[in-house]
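Chains, contacts and geometry: an overview
So you can see what is in the structure, the chains are spelled out below.
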Amino acid sequence: MYRTWPILAASGARASLRLESEMDFGQLKEALESQSYGKVADICDNLMLQVAADGVAFQDEWPYSIHLLGHIYADDINSARFLWKTIPAAIKESQPEVVAAWRIGQRLWTQDYAGVYEAIRGFDWSPETCGLVASFAEVYIKKMFQLLSSAYSTIGLLDAARFLGMSEEDTANYVVQQGWLVDASSKMLMVKQQAVTVDQKLDASKLQRLTEFVFHLEH
């Protein structure tokens, strides 16, 4: 008995997973359809370990782009990087979506904040991945906003727009909704400081990198 689940092939046409019964992608499909994206990485990891232990040849049909994006969504770039290194070269060459998914991971790895948005927008994502990518983008914007709120009391509108991946107009509207003030004449934003809760841990290295990036933009 074989289980099938359509995925997008490199050519843009649909292919089917035709693997042994051990390769049941039911949980993964359910997680994607219910937008439970935080579960994707664990589901893929567990299934990969299972089929590898059973000796199933899975590489040619594995949904690597979804697996990579699952780790990226979970903010586990180390695991995404390790997975990328294990992907056969032939897969990387024949499936552009896999490369596009890792491009997001690369930008995160190098803390190229603006580059993350470019990587997201620079590819026409398949129906299987577009919801996951869109949800990650929303989460990433919120994370960057929280980082800016923690690091600055004032910041230029253009700089904030680069960090949030928005136009200056959309950035102004977004931050005003969060309680920030906008000085239209100087195009400076006055940050509303957020209360630091027990669960909110500030990463000093990220704050330093953020400061260096803004300095680079301004000079």
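The structure contained in this document is the topic of the report that follows.

What counts, and where the lines are drawn
Starting from 1, residues in each chain are numbered consecutively following that chain's sequence as written. Only residues with pLDDT of 70 or above have their local features reported here, since the model is predicted, and side-chain atom pairs are shown and tallied only from 80 upward, although totals for entire chains, interfaces and linings are computed over all residues. Only hydrogens and water are removed before side-chain values are computed, so all heavy atoms of the structure are retained for them. Secondary structure is summarised from DSSP: a helix means a run of H or I of at least four residues, a strand means a run of E of at least two, and numbering begins at the N terminus for each. Burial status follows relative accessibility: with a 1.4 Å probe on protein chains alone, a residue under 20% of its type maximum counts as buried, one over 50% as exposed, and anything between as partly exposed. Orientation is described by axes fitted as lines to C-alpha atoms, over the contacting stretch for helices, and by angles from 0 to 180 degrees between their N-to-C directions. In what follows, residue pairs with any heavy atoms lying within 4.5 Å of each other are defined as contacts. Any residue outside Ala, Val, Leu, Ile, Met, Phe, Trp, Tyr, Cys, Pro, Asp, Glu, Lys and Arg is labelled polar, Gly included; the first ten of those are nonpolar and the last four are charged.

Despite not being glycine, D75 shows a phi value in the positive range, around 60 degrees. The residue D75 is located in the loop between α3 (64-73) and α4 (77-86) in this model. For D75, a relative accessible area of 44% puts it in the partly exposed group. In this structure, K187 takes a positive phi of about 55 degrees despite not being glycine. Along the polypeptide, K187 turns up in the loop between β4 (181-183) and β5 (188-190). Judged by relative accessible area, which is 46%, K187 ranks as partly exposed.

A few words on the packing of helix α8 (residues 127-151) against helix α9 (residues 157-164). Contact pair α8 / α9: the axes reach a minimum separation of 9 Å and the direction vectors enclose 140 degrees. In this structure, α8 contributes I141, M144, F145 and L148 to the contact, and α9 contributes A160, F163 and L164. In terms of residue class, the contact of α8 with α9 is built from seven nonpolar, no polar and no charged.

With that settled, the discussion passes to the environment of V116. Among the secondary structure elements, V116 is positioned in helix α7 (residues 113-121). Residue classification places V116 among the buried residues on the basis of a relative accessible area of 1%. Each C-alpha atom of the pair V116 and G165 lies 8.5 Å from the other, and the pair is 49 residues apart in sequence. Residues in contact with V116, not counting those within four places in the same chain, are I104, R107, L108, F136 and Y140.

Just geometry here; none of it tells us what the structure is for.
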